[in-house]
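Residue-level structural notes
Take a look at the letters that make up each chain.
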Amino acid sequence: MTEQINPLYVCTLWYKPGKTMQGLIENGRGHRTALIVATASGMMQALPVYYSDESMGVSVFLIGAVIGFFGLYLFAWLLRNFGRWFGAQASLREVRTGLGLGLMPWLLCFLVLFLFRQNFGSSAVGQYFWLFFIPLVYGYIVVILSLTAALRLTPLKTFLCLVLTIIFSLFPLTLLFQVLAPLLLSAQ
């Protein structure tokens, strides 16, 4: 007997991420929404750049969207490969779905943080840092539980897999950015 997926899985992912993600993966759903969330997350990270220098135009949002989209693919590939060290047997599509949908709380938190900073300034953000720290931690827990369901690992193994992925992707991507940034800036 097949189980019906709630069409409002975007809402249920917030309060029961593991069960929701498990149901989505079993039914092969949620991938398109995960790609949209990753693209929107990249655009959200481009907002401060756009408002600091509006002369760059809307191309900043396009670049942010592309980075968010391809960043999801790269990070999911790394997560799947490091997950194999711990015994994960997930497909790339399942990992992309778990990671992309797991980013929803962070997307909302960063949007609220950006709007708060635009309206009240950086000093107000510093005073109310704890209000933003709680959703960031909650967002990390949602990512861990979503990836736990996608990778079919324990939360501890998923956490270790995520830490390894961040460490091993951070240094090469930072080096790539340092090499490409001067080239891109000199072209303008």
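I will try to describe carefully the structure that is included in this document.

Basis of the calculations
Residues numbered from 1 in each chain as written. Predicted model: local features only at pLDDT ≥ 70, side-chain atom pairs only at ≥ 80, totals over all residues. Heavy atoms only, no water. Phe/Tyr/Trp six-rings, centres within 6.5 Å; stacked < 30°, edge-to-face > 60°. Helix = DSSP H or I, 4+ residues; strand = E, 2+ residues; numbered from the N terminus. Buried < 20%, exposed > 50% of the residue type's maximum accessible area, 1.4 Å probe, protein only. Contact = heavy atoms within 4.5 Å. Core = buried A, V, L, I, M, F, W, Y, C linked by side-chain atoms within 4.5 Å.

1. Remarks on the packing of aromatic side chains
Geometry of an aromatic ring pair is reported as the spacing of the ring centres plus the angle between the planes. All told, the structure shown has six aromatic pairs when counted by the stated rule. When the ring of F82 is compared with that of F168, the centres are 5.4 Å apart and the planes differ by 25°; the resulting orientation is stacked. Of this pair, F82 sits in helix α4 (residues 59-85) while F168 sits in helix α9 (residues 155-187), and the two are 86 residues apart along the sequence. What makes F168 partly exposed here is its relative accessible area of 48%.

2. Some remarks on the side chain of T165
As for its placement among the helices and strands, T165 is situated in helix α9. Those residues in contact with T165, other than ones at most four positions away along the chain, are F75, L78, L79 and F82.

3. A word on the nonpolar core
In this structure, L79, V95, L99, L101, L147, L151 and L162 are the most contacted members of the largest nonpolar core, which totals 38 residues. Of all the secondary structure elements, the ones that give two or more residues to this core are α1 (9-15), α2 (17-27), α3 (31-52), α4, α5 (92-102), α6 (104-120), α8 (129-151) and α9. Considering each element in turn, this core owes the most residues, eight residues, to α4. Beyond its immediate stretch of four places on either side in the chain, L99 contacts L72, F75, A76, L79, V143 and L147.

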